[in-house]
Amino acid sequence: MGTKGQELLGNNLGKVIELLNKAYADEWLAYYQYWVGAKVVEGPMSDALIAELIEHANDELRHADMVAERIVKLGGTPVLEPKKWYDFTNCGYESPEDPYTKKVLEQNISGEQCAIDVYNKLQKFTRDIDPVTYNVAMEILTDEIEHEDDLQALLEEFEDLKKKFR
Ligand code: FE
Ligand code: FE
Ligand code: MG
């Protein structure tokens, strides 16, 4: 980074890298939660849900890539040890022990709501000091907002379906 870019960041470089690494851990865990969820989910509307879960898994992996690129650009190192994802994560991992469609939907909706908070906070922190990270957060946040919306629409459909057959 050039001198003026560094001046903007001031002494916040370490903090920005830390926030990015926390988001990075979230993305890998979200990726796996979607990926394995698509393998095990069962119940009404499972075909539609599987398609959505796979799509979101691919998005989360792309987010992990974007965040890692930014960490490296800032001179940091993305978390190298998967065990450490659990130390860094904001949003955690919800194992789809109960593979019922509604349950999997609810788990992933809460994950997206957490992700929205994470990138919203990252944007607030970087707005005036690191516009590049701010833009990365913006791009990812746009996807997370769409993810939540897609899953909530499926949950609504699920509830309507249940009413119809009652
Ligand atoms: Fe993501
Ligand atoms: Fe997402
Ligand atoms: Mg979607």
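Because the structure is a prediction, the values reported are computed rather than measured. (Residues numbered from 1 in each chain as written. Chains lettered and ligands numbered in written order. Predicted model: local features only at pLDDT ≥ 70, side-chain atom pairs only at ≥ 80, totals over all residues. Heavy atoms only, no water.)

Asks: Please explain the nonpolar core as it appears in this structure.
Replies: Nonpolar side chains tend to gather and get buried jointly when the protein is soluble and globular. Counting 25 residues, the largest nonpolar core has Leu20, Tyr24, Val67 and Tyr119 as its most contacted members. Those elements giving two or more residues to this core turn out to be helix H2 (13-40), helix H3 (46-73), helix H5 (101-126) and helix H6 (131-164). The element that contributes the greatest number of residues to this core is H2, accounting for 7 residues. Among residues more than four places away in sequence, those in contact with Val67 are Leu20, Tyr24, Tyr119 and Ile140. Core analysis: the next-biggest nonpolar cluster, separate from the first, contains 15 residues, Leu53, Ala57, Ile109 and Leu151 among them. (Core = buried A, V, L, I, M, F, W, Y, C linked by side-chain atoms within 4.5 Å. Buried < 20%, exposed > 50% of the residue type's maximum accessible area, 1.4 Å probe, protein only. Helix = DSSP H or I, 4+ residues; strand = E, 2+ residues; numbered from the N terminus. Contact = heavy atoms within 4.5 Å.)

Asks: Even after reading the chapter, I still don't get the packing of H2 against H5, so can you show me in this structure?
Replies: Remark: H2 packs on H5, axes separated minimally by 11 Å, with the N-to-C direction vectors making an angle of 160°. Our classification of the angle between H2 and H5 gives roughly antiparallel. Between H2 and H5 lies a crossing whose hand is left-handed. For the pair H2 and H5, the contacting residues are Lys15, Val16, Leu19, Leu20, Ala23, Asp26, Glu27, Gln33 and Tyr34 in the first and Gln107, Asn108, Glu112, Val118, Tyr119, Leu122, Phe125 and Thr126 in the second. Residue composition of the contact of H2 with H5, by class: 9 nonpolar, 4 polar and 4 charged. (Axes fitted to C-alpha atoms, helices over the stretch in contact; angles between N-to-C directions. Parallel < 35°, antiparallel > 145°, perpendicular 65-115°, else oblique. Left-handed = near helix turned anticlockwise from the far one by under 90°. Nonpolar A, V, L, I, M, F, W, Y, C, P; charged D, E, K, R; others polar.)

Asks: Would you take a moment to explain the coordination of the iron ion (ligand 1) for this structure?
Replies: Perfect tetrahedral coordination of a metal by four donors corresponds to 109.5 degrees between them, and perfect octahedral coordination by six donors corresponds to 90 or 180 degrees. At 2.0 to 2.5 Å from the iron ion (ligand 1) lie its protein donor atoms, namely Glu27 (OE), Glu27 (OE), Glu60 (OE), His63 (ND1) and Glu144 (OE). On the primary sequence, the residues serving as donors to the iron ion (ligand 1) are separated as E-x32-E-x2-H-x80-E. The iron ion (ligand 2) is placed at 3.9 Å from the iron ion (ligand 1), the two being bridged by Glu60. Remark: His63 occurs in helix H3 and Glu27 occurs in helix H2; sequence separation between them is 36 residues. (Donors = N, O, S within 2.8 Å, 3.2 Å for Na, K, Ca; no water.)

Asks: What should I look at first to understand the coordination of the iron ion (ligand 2) in this one?
Replies: Each protein donor to the iron ion (ligand 2) is listed here as Glu60 (OE), Glu112 (OE), Glu112 (OE), Glu144 (OE) and His147 (ND1); together their distances run 2.0 to 2.4 Å. Taking the relative accessible area as the measure of exposure, Glu144 reaches 1% and is therefore buried.

Asks: Just to check I follow, could you spell out the packing of aromatic side chains for this structure?
Replies: This model, assessed by the stated rule, comprises 5 aromatic pairs. Ring centres of Trp28 and Tyr31 lie 5.8 Å apart, and the angle between their planes is 90°; on these two criteria the pair is classed as edge-to-face. Taken together, the positions of Trp28 and Tyr31, both in helix H2 and 3 residues apart, correspond to about one turn of that helix. Taking relative accessible area as the criterion, Tyr31 reaches 17% and is therefore assigned buried. A connected cluster of aromatic rings, assembled from ring pairs, spans Trp28, Tyr31 and Trp85. A cation sits over an aromatic face here: Lys39 above Trp35, 5.0 Å from the ring centre. (Phe/Tyr/Trp six-rings, centres within 6.5 Å; stacked < 30°, edge-to-face > 60°. Lys NZ or Arg CZ within 6 Å of the ring centre and 35° of its normal.)

Asks: Whenever I open this one, unusual backbone geometry confuses me. Can you help?
Replies: The phi angle of most residues is negative, glycine excepted, and most peptide bonds adopt the trans form. For Met45, which is not glycine, the phi torsion reads 65° and is therefore positive. Its place among the elements puts Met45 in the loop between H2 and H3.

Asks: How should the environment of Tyr32 be read in this particular structure?
Replies: When you line up the elements, Tyr32 lands in helix H2. Here the alpha-carbon distance between Tyr32 and Leu20, two residues 12 residues apart in the chain, equals 19 Å. Apart from residues no more than four positions distant in its own chain, Tyr32 is found in contact with Gly37 and Tyr93.

Asks: I tried to follow H3 on my own but got confused; where do I start?
Replies: Along an α-helix, a turn takes 3.6 residues, which lines up residues three or four apart on a common side. Over its 28 residues, H3 runs 40 Å from end to end, which matches the ideal 40 Å to within 8%, given 1.5 Å per residue. Phi turns positive one or two residues past the end of H3, at Gly75, with a value near 90°. (Expected span 1.5 Å × (residues − 1).)

Asks: How do you make sense of the pattern of salt bridges when you look at a structure like this?
Replies: Two side chains that carry opposite charge are able to pair once their charged atoms sit near each other. On inspection of all chains with the given rule, the structure shows 8 salt bridges. When the shortest N-O distance is used, the salt bridge between Arg62 and Asp143 registers 3.2 Å. Highlighted residues: Arg62 in helix H3 and Asp143 in helix H6, separated in sequence by 81 residues. In this structure, the salt-bridge partner of Lys102 is Glu159, at a minimum N-O distance of 3.5 Å. (Salt bridge = Lys/Arg side-chain N within 4 Å of Asp/Glu carboxyl O.)

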